[in-house]
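# Report on the structure
Okay, here's what each chain looks like letter by letter:
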Amino acid sequence: MAEPKVVVLPGDGIGPEVVEQAVRVLIAVAPDVAVEERLIGGAALDAVGHPLPQETLDACLRCNAVLLGAVGGPKWDCIQPVELRPEVGGLLALRKALRLNANLRPVRTFPALAAASPLKAENALVDLVVVRELTGGIYFGRPRERREGGRVAVDTCLYSVDEVEAVAHVAFRLASQRRRRVTSVDKANVLETSRLWRETVERVSSAYPEIELEHMLVDNCAMQLVRNPRRFDVILTENLFGDVLSDEAAVLTGSLGMLPSASLRTGQGSSPFGLYEPAHGSAPDIAGTGRANPLATVLSVAMLLRTSLARPEAADRVERAVERVLDAGVRTADLAEAGQAWVGTREMGDALLADLKLGR
Ligand code: NAD
């Protein structure tokens, strides 16, 4: 790929702080990548009157991948109309405009941080990925309305075979690079959309004979994630179930500051376009204090390199640098145990760059 282009959207709150360190890491491992910064969220609303300026959208449509910090904050929480709020008019509108239909959220405990997990020691070392369908299901189905004078409400859950197939291929391909196991989560004992989901996933699985497929009901999955999370490799599920399960899985590592994510546009070959961002928000409570943990954003850069830029070696270098820095005891405030010394956002970036300079 000649001179890939990454659009960087720092956003609000701690977004610019964590993105700055992540971009330093990106440039260190992929100096030929062109990086272009644009406005989004409350910062864009303040500067140009809209949370997703056309110029930002155009830049995103012309690049290989987008790296985003976070959007939103108390200053913009009550703005009317809601379409001008950073999350709705900025991030959700961007995801929709970019047609990102598969969300990947890896949940991995770093051994050095196992003590921060809420799970018992033998369960603490989790390594799974939730693959969530992102543009279908009950969040988008119509009609969505009130009836009978507002006393009855209707939402519609709708899935097509094409939508399920697209995200199922993402999960199976991902599993083939991991431990070769897909758990497809549904509610097929009750819902028609889940029966269609199950049939379709079963059919897609025949193209991946090396992958073991199991089906699990969503209520059981919610329980197994807490009881025995190590049994999972790739969890494949629809939009609503994935929303809930990915947040449940996220707490297993003990820190929101460690969780990357990718939202991909599938069906474009082996290096899909994607939007990469930390799972956390703009953390207004610590914005401007220099205490934010940049590692979720740095790990999102690793996903970007591996998935949209097809540079697995560079991605491995970033992940190994994070692991070594943590092994060496470097901690941001959110990761430090009581009494343990911690470093700021920039110092964590410095530690990563120092490690990468050693050429490992
Ligand atoms: P949040 O994720 O911003 O913060 C939750 C808690 O985790 C806070 O105490 C925060 O200090 C801490 N935290 C989060 N990221 C951290 C990091 N990298 N390092 C250290 N500590 C970290 O969630 P919230 O407080 O519910 O939301 C704050 C704002 O962010 C709201 O306006 C919300 O709408 C927005 N938000 C944006 C996104 C996004 O841009 N994708 C996602 C979630 C929330």
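Read on for a plain summary of the structure. (Residues numbered from 1 in each chain as written. Predicted model: local features only at pLDDT ≥ 70, side-chain atom pairs only at ≥ 80, totals over all residues. Heavy atoms only, no water.)

## Thoughts on the environment of Ile-138
Turning to its location among the elements, Ile-138 is positioned in the loop between strand S5 (127–133) and strand S6 (141–147). Beyond its immediate chain neighbours, meaning those up to four positions away, Ile-138 contacts Arg-144, Asp-155, Thr-156, Cys-157 and Leu-240. (Helix = DSSP H or I, 4+ residues; strand = E, 2+ residues; numbered from the N terminus. Contact = heavy atoms within 4.5 Å.)

## A word on the environment of Cys-221
Within the element layout of this structure, Cys-221 appears in helix H7 (residues 218–227). Taking the C-alpha atoms as reference points, Cys-221 and Arg-147, separated by 74 residues in sequence, lie 34 Å from one another. If we skip the residues at most four places from it in the chain, Cys-221 touches Val-185, Met-216, Phe-232, Ile-235 and Leu-245.

## Quick notes on the environment of Arg-173
Relative to the elements of secondary structure, Arg-173 occurs in helix H5 (residues 161–176). It is 8.3 Å that separates the C-alpha atoms of Arg-173 and Tyr-208, two residues lying 35 residues apart in sequence.

## Quick look at the pattern of salt bridges
Applying the stated rule across the entire model yields 25 salt bridges. Among the ionic pairs, Arg-178 bridges to Asp-233, the shortest N-O distance being 2.7 Å. In this pair, Arg-178 sits in the loop between H5 and strand S8 (181–186) while Asp-233 sits in the loop between H7 and strand S10 (234–237), placing the two residues 55 residues apart along the sequence. Linking Asp-186 and Arg-198 is a salt bridge whose minimum nitrogen-to-oxygen distance equals 2.9 Å. Taken together, the positions of Asp-186 in strand S8 and Arg-198 in helix H6 (residues 192–205) put the pair twelve residues apart, joining distant regions of the chain. The exposure class assigned to Asp-186 is buried, which follows from its relative accessible area of 0%. (Salt bridge = Lys/Arg side-chain N within 4 Å of Asp/Glu carboxyl O. Buried < 20%, exposed > 50% of the residue type's maximum accessible area, 1.4 Å probe, protein only.)

## Re the nonpolar core
Counting 61 residues, the largest nonpolar core has Leu-67, Leu-104, Val-131, Leu-236 and Leu-305 as the members making the most contacts within it. In contact with Val-131, other than residues within four places in its own chain, are Asn-103, Leu-104, Val-167, Val-170, Ala-171, Leu-174, Val-234, Ile-235, Leu-236 and Thr-237. Val-126, Leu-225, Ile-235 and Phe-241 belong to the second-largest nonpolar core, a separate cluster that totals 18 residues. (Core = buried A, V, L, I, M, F, W, Y, C linked by side-chain atoms within 4.5 Å.)

## Some points on the site of the ligand
Surveying the vicinity of the ligand reveals 21 residues, the closest of which are Val-71, Glu-87, Gly-281, Ala-283 and Asp-285. Between the ligand and Glu-277 there is a distance of 3.4 Å, counted from a nitrogen atom to a side-chain nitrogen or oxygen. Within the contact set of the ligand, an oxygen atom lies 2.8 Å away from a side-chain nitrogen or oxygen of Asp-285. In the complex, the protein chains occlude 68% of the 810 Å² of accessible area that the ligand would expose alone. (Near = heavy atom within 4 Å. Polar contact = N/O pair within 3.5 Å; in protein donor to acceptor, adjacent residues only side chain to side chain. Areas by Shrake-Rupley, 256 points an atom, 1.4 Å probe, with all protein chains shown as cover.)

## Some details on the packing of aromatic side chains
Counted according to the given criterion, the structure contains two aromatic pairs. Judged by centre distance (5.6 Å) and plane angle (70 degrees), the rings of Tyr-159 and Trp-197 are edge-to-face. Placement of Tyr-159 in the loop between strand S7 (152–156) and H5 and of Trp-197 in helix H6 is noted, with a sequence separation of 38 residues between them. Both residues of the pair, Tyr-159 and Trp-197, count as buried. Relative to Tyr-208, the ring of Phe-172 has its centre 5.1 Å away and its plane inclined at 10 degrees; by these criteria the two rings are stacked. Note that Phe-172 is positioned in helix H5 and Tyr-208 in the loop between H6 and strand S9 (212–217), a separation of 36 residues in sequence. Grouping residues by exposure puts Phe-172 and Tyr-208 together as buried. Between the NZ or CZ atom of Arg-108 and the centre of the ring of Phe-110, over which it lies, the distance is 4.6 Å. (Phe/Tyr/Trp six-rings, centres within 6.5 Å; stacked < 30°, edge-to-face > 60°. Lys NZ or Arg CZ within 6 Å of the ring centre and 35° of its normal.)

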